[in-house]
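Survey of secondary and tertiary structure
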Amino acid sequence: MQTQPYRVFISDLHGQGDVFASLVSERFGVLEALISDYLSCNPDAPLGALRHYLLGEEVSSIEVSDHFRNLTSMMEVLLTFKQDRRFWPVGVDAFATCSWFLNILDEYAITGVLDEQRREAIALLDDQDREQLCRYIANAVTALLRYRLHVVGDVYDRGPDAPQILEQLESLPAVSIQWGNHDVLWMGAASGSLECIATVVRLCLKYGHINTLTQDYGICLEQLSELADDCYKSDPCVNFAPSENTDNCSAKSWSAMHKAIAIVQFKLEQQIIERNPHFSLEHRAMLKKVDFASGVIELQGSLVNLTDKLFPTLNPESTASLTDQEWRLMEDLKSQFIRSKRLQAHINFLFANGSLLHTDDGYTMYHGCLPVDANLQPVAFSVNDRALKGRALFDALELQLRKSYSRRETKSCQYLSDIAWYLWCGPCSPLFGREKMTTFERYFVADRQYHKEGKNPYFDARDTPAFVATVAKELSGDEHSILVNGHVPVKLKDGESPRHAKGQLICIDGGFSKAYRSVTGAAGMVLIADKQKNYLFSVEEHIGGMCFHEI
């Protein structure tokens, strides 16, 4: 029975701080895996008693009435940690009021049986004493339990508590983070990318969590408010009402700020596209497609009516040009993002403890996908005039991100910070995995057929063992490595399996974010692994904690 240490995998927390705090307090369900491990070797063990003492579950008195059996089973669970150098120090502390019990543990650890003398010693105890010993053992097991936590992307956005989650992560003993596209967006913003900054502000307004910016990170939005008041005061901005509850701001002023920064974002996107022709995104310079006189846009060869035709800051002859007021806003925001001590501390933590791709003892973690073409061959993308694909592409993109952040105080990193934006929404980004990001269409076009983003062929090929083995070999060097992704919510409620290719690829986005729970039917998913096997749990919230249901 292998217990030390477990590896825990979660993904797509999306700022859901209450859930993460519960996961930490419940040790991510590792005790569930420990019990399952023990039962696999001891199928006749008293399950109800183990769950009662180790997980605190209420059980009937009949299930815990065999105190001798319960006690010896709990001892056996505890002794699975006997090779841990902390075992006896923890034992001395846990059994301080009944040190004689350590002699019994020592005997059991050496021989695996209890001699007649020690069995008699236990038999002489009353039921209350045995019950108390079981609780002491449970405390010792909890103290000895260790795990390494892998967060497979997207700590940020949608929910309000990403800063608090990151600070909790900092307090945990062993954490690695495989960045998601939302994380990289914030990393690009902290590196001074104007486009990433505009997108981050827009998302905070869209999801109704501006306090992440203003209170947690000290970003002042006064100039954005002035821009909204000066240019959008008479604009109803009906398409820009926040999608979720708002933080301390009137709906009208919020919507005006939301539209103002969205238009700035679309202008900056066009600038990035024009200065990086190798991104091959000319078709996504959306403002160039608009006929402002007639209020239509050309999409997929058709002229489509816009639902909002008011663009007070746009110059139809130069759609990428920011007004002087917009430039001042963005320079002010850039200065604030770079100088926000708390934001920079969190982004430093992400860089110090994270990567785009990571391998840990037979598991390979990355947030989204390996971009492939229709023939399931890795797609090449140019980085510094070098066409790269597969593992080389992951490594080169990560290097560009790190360079951009290290040069955030200089003016020489524009291309480097453009890479962060491409990772957020580019079709060859391993963090995005879609053909296009249809943000403009979702704001301005009613017909939902134009909202579709498509997906990389990787996702439809995940159930093909030969393909998954090829991806594993490319990214880890081991064709048997188990791949762990997030990014795409698994529709557990509809019977969709998170395991693909006979279990070699596992998608663990189970809907920690409340916005996705109607899709997944769960409150998240946790993968727990030891050297022999792995366990996959769906998560359900209940009063006072969380329930873990093995999938």
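What comes next concerns the included structure. (Residues numbered from 1 in each chain as written. Predicted model: local features only at pLDDT ≥ 70, side-chain atom pairs only at ≥ 80, totals over all residues. Heavy atoms only, no water.)

**Some thoughts on the sheet that holds strand 8 (residues 358-360)**
The condition that has to hold: Strand pairing requires that DSSP identify at least two bridges connecting the strands. To qualify as a helix, a DSSP run of H or I must reach at least 4 residues; to qualify as a strand, a run of E must reach at least 2; elements of each kind are numbered from the N terminus. In what follows, a contact means two residues having at least one pair of non-hydrogen atoms within 4.5 Å. As a rule, the C-alpha atoms of each element are fitted with a line to give its axis, helices using only the stretch in contact, and angles between N-to-C directions run from 0 to 180 degrees.
Spatial strand order, 8-9-12-14-13: five strands in an open sheet with mixed pairing. In this open sheet, the two edge strands, each paired with only one partner strand, are strand 8 and strand 13 (499-500). Bridge count for strand 9 (residues 363-365) against strand 12 (residues 482-485) is three bridges, and the pairing is parallel. In the strand pairing of strand 12, Thr364 is matched with Leu483. Across the sheet, helix 20 (residues 465-476) is in contact with strand 8, strand 9, strand 12 and strand 14 (505-507); its angle to strand 12 comes to roughly 85°.

**Quick look at the packing of helix 4 (residues 67-79) against helix 8 (residues 127-144)**
Applied cut-off: The cut-offs work like this: below 35 degrees is roughly parallel, past 145 is roughly antiparallel, 65 to 115 is roughly perpendicular, and the gaps in between are oblique. We call a crossing left-handed when the near helix sits turned anticlockwise from the far one by less than a right angle, and right-handed when that turn is clockwise. Each residue is assigned to one of three groups, with Ala, Val, Leu, Ile, Met, Phe, Trp, Tyr, Cys and Pro labelled nonpolar, Asp, Glu, Lys and Arg labelled charged, and all others, Gly among them, labelled polar.
Running from N to C, helix 4 and helix 8 cross one another at 15°; their axes reach a closest spacing of 10 Å. With respect to each other, helix 4 and helix 8 are oriented roughly parallel. In the crossing of helix 4 with helix 8, the sense of the turn from one axis to the other is left-handed. Two secondary-structure elements touch here, helix 4 through His67, Phe68, Asn70, Leu71, Met74, Met75, Val77 and Leu78 and helix 8 through Asp127, Arg130, Glu131, Leu133, Cys134, Ile137, Ala138, Ala140, Val141 and Leu144. Looking at the contact of helix 4 with helix 8 residue by residue, the class counts come to 13 nonpolar, two polar and three charged.

**Re the environment of Asp360**
Secondary-structure assignment places Asp360 in strand 8. Taking the C-alpha atoms as reference points, Asp360 and Arg148, 212 residues apart in sequence, are found 9.9 Å from one another. In contact with Asp360, not counting residues within four places along its chain, are Arg7, Arg148, His150 and Met365.

**A closer look at the environment of Gln344**
Put simply, the rule reads: Polar contact is defined as a pair of N or O atoms within 3.5 Å, subject to the rule that within protein one atom must be able to donate a hydrogen and the other to accept it, and that residues adjacent in sequence are counted only when both atoms are side-chain atoms.
Within the secondary structure, Gln344 sits in helix 16 (residues 341-353). Remark: the alpha-carbon pair of Gln344 and Tyr450, spanning 106 residues in sequence, is separated by 37 Å. With residues near it in sequence (within four places) discarded, Gln344 still touches Ala190, Phe337, Ile338, Tyr405 and Arg408. Separated by 3.0 Å, the side chain of Gln344 and the backbone oxygen of Phe337 make a polar contact.

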